[in-house]
Amino acid sequence: GNLRQWSREANEYLAALHRGCPEIWRLAGFFGYAATSRGPAIAVEKMTGPDGQMARTLAQEFNETPKDDPKRDALKQELIELLDDLDRGRIIVGDIGLQNIVRAQERDGKLVVIDGLGERVLLPLTLINAQAFRFQSMRRRKRLLR
């Protein structure tokens, strides 16, 4: 189930923490694992909007912004800035999508990745090879900016 993905996410968060990369502020904090009445769970930092409710996803913001609205270009620019920060910190986000990115009041209204850290492959080349990391980063950018 989710256990392998949670392990990958925890490993990537811990790796970024260990490297001391300042870009870690672009990730929701990882607090560990917990037992619940519905089975094991991963505990992460709650990201909220200005109203104190759960933070809105970037997918929601794009869906509510008409295609001809200039705000859409500003959203794309913010996404590019987030991806630039992740690249600078060499943070691997293998399963990132607009629904995994939120605008968090806890980060002064900046975009934050809440899910999808780590690589889903058996041999994570992006972890050990800078060129593979850059290639994967470019593929991710193209997909997200479509």
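Cut-offs applied
- Every chain is numbered independently, its residues counted from 1 as its sequence is written.
- The model is predicted, so local features are restricted to residues of pLDDT at least 70 and side-chain atom pairs to those at 80 or more, both for listing and for counting; the totals for chains, interfaces and linings are taken over all residues.
- As a convention, hydrogens and water are excluded, and side-chain values are obtained from all of the structure's heavy atoms.
- Whenever a helix is involved, its axis is fitted only over the stretch in contact; in every case the axis is a line through C-alpha atoms, and angles between N-to-C directions fall within 0 to 180 degrees.
- Strands are runs of DSSP state E lasting at least two residues, helices are runs of H or I lasting at least four, and both sets are numbered from the N terminus onward.
- These descriptions rest on fixed angle ranges, namely under 35 degrees for roughly parallel, over 145 for roughly antiparallel, 65 to 115 for roughly perpendicular, and the rest for oblique.
- Crossing handedness: left-handed means the near helix sits turned counterclockwise from the far one by under a right angle, and right-handed means the same turn made clockwise.
- We call two residues in contact whenever any of their non-hydrogen atoms come within 4.5 Å of each other.
- Under the scheme applied here, ten amino acids are nonpolar (Ala, Val, Leu, Ile, Met, Phe, Trp, Tyr, Cys and Pro), four are charged (Asp, Glu, Lys and Arg), and all others, including Gly, are polar.
- Two rings from Phe, Tyr or Trp (for Trp, the six-membered ring) form a pair when their centres are within 6.5 Å of each other. A pair whose planes differ by under 30 degrees is stacked, one over 60 is edge-to-face, and the rest are tilted.
- Each residue is placed in one exposure class: buried if its accessible area under a 1.4 Å probe, protein chains only, is under 20% of its type's maximum, exposed if it is over 50%, and partly exposed if it falls in between.
- Two limits define a charge over a ring: the Lys NZ or Arg CZ must be within 6 Å of the ring centre, and within 35 degrees of the ring normal.
- Any two strands between which DSSP finds at least two bridges are classified as paired.

J.: Can you walk me through the packing of helix H3 (residues 70-88) against helix H5 (residues 130-145) in this structure?
T.: Pairs of packed helices are described in terms of their axes, by the angle between the two and the distance that separates them. Between H3 and H5, the shortest axis-to-axis distance is 11 Å and the interhelical angle comes to 165°. As judged from the angle between their axes, H3 and H5 are roughly antiparallel. In terms of crossing hand, the pair formed by H3 and H5 is right-handed. The segment H3 lies against H5, with Lys76, Leu79, Ile80, Leu83, Asp84, Leu86 and Asp87 engaging Phe133, Ser137, Arg140, Arg141, Leu144 and Leu145. Residue composition of the contact of H3 with H5, grouped by class: seven nonpolar, one polar and five charged.

J.: Could you clarify how one ought to interpret the packing of aromatic side chains in this entry?
T.: In this description, a pair of aromatic rings is defined by centroid distance and the angle of the planes. Under the definition given, this model contains two aromatic pairs. Ring geometry for tyrosine 13 and phenylalanine 30: centres 6.2 Å apart, planes at 50°, overall tilted. Here phenylalanine 30 lies in strand S1 (residues 30-36) and tyrosine 13 lies in helix H1 (residues 3-19), a separation of 17 residues in the sequence. Side by side, tyrosine 13 and phenylalanine 30 carry an identical accessibility label, which is buried. On the basis of relative accessible area, phenylalanine 30 is assigned to the buried category, the value being 18%. Here arginine 90 stacks its cationic end above the ring of phenylalanine 133, 4.8 Å away from the centre of that ring.

J.: Would you mind showing me how to read the side chain of glutamate 23 here?
T.: When you line up the elements, glutamate 23 lands in the loop between H1 and S1. Contacts of glutamate 23, omitting those with residues within four sequence positions, involve Asp85, Arg88, Gly89 and Ile91.

J.: Which parts of the structure should I look at to understand the pairing of strand S4 (residues 110-113)?
T.: For a regular strand, side-chain orientation follows a simple rule: the groups alternate between the two sheet faces. With four bridges connecting them, strand S3 (residues 101-104) and S4 associate as antiparallel partners. Following the sheet pairing, isoleucine 101 is matched in S4 by valine 113. Connecting the antiparallel pair S3 and S4 is a turn made up of five residues, with aspartate 108 showing a positive phi of about 60°.

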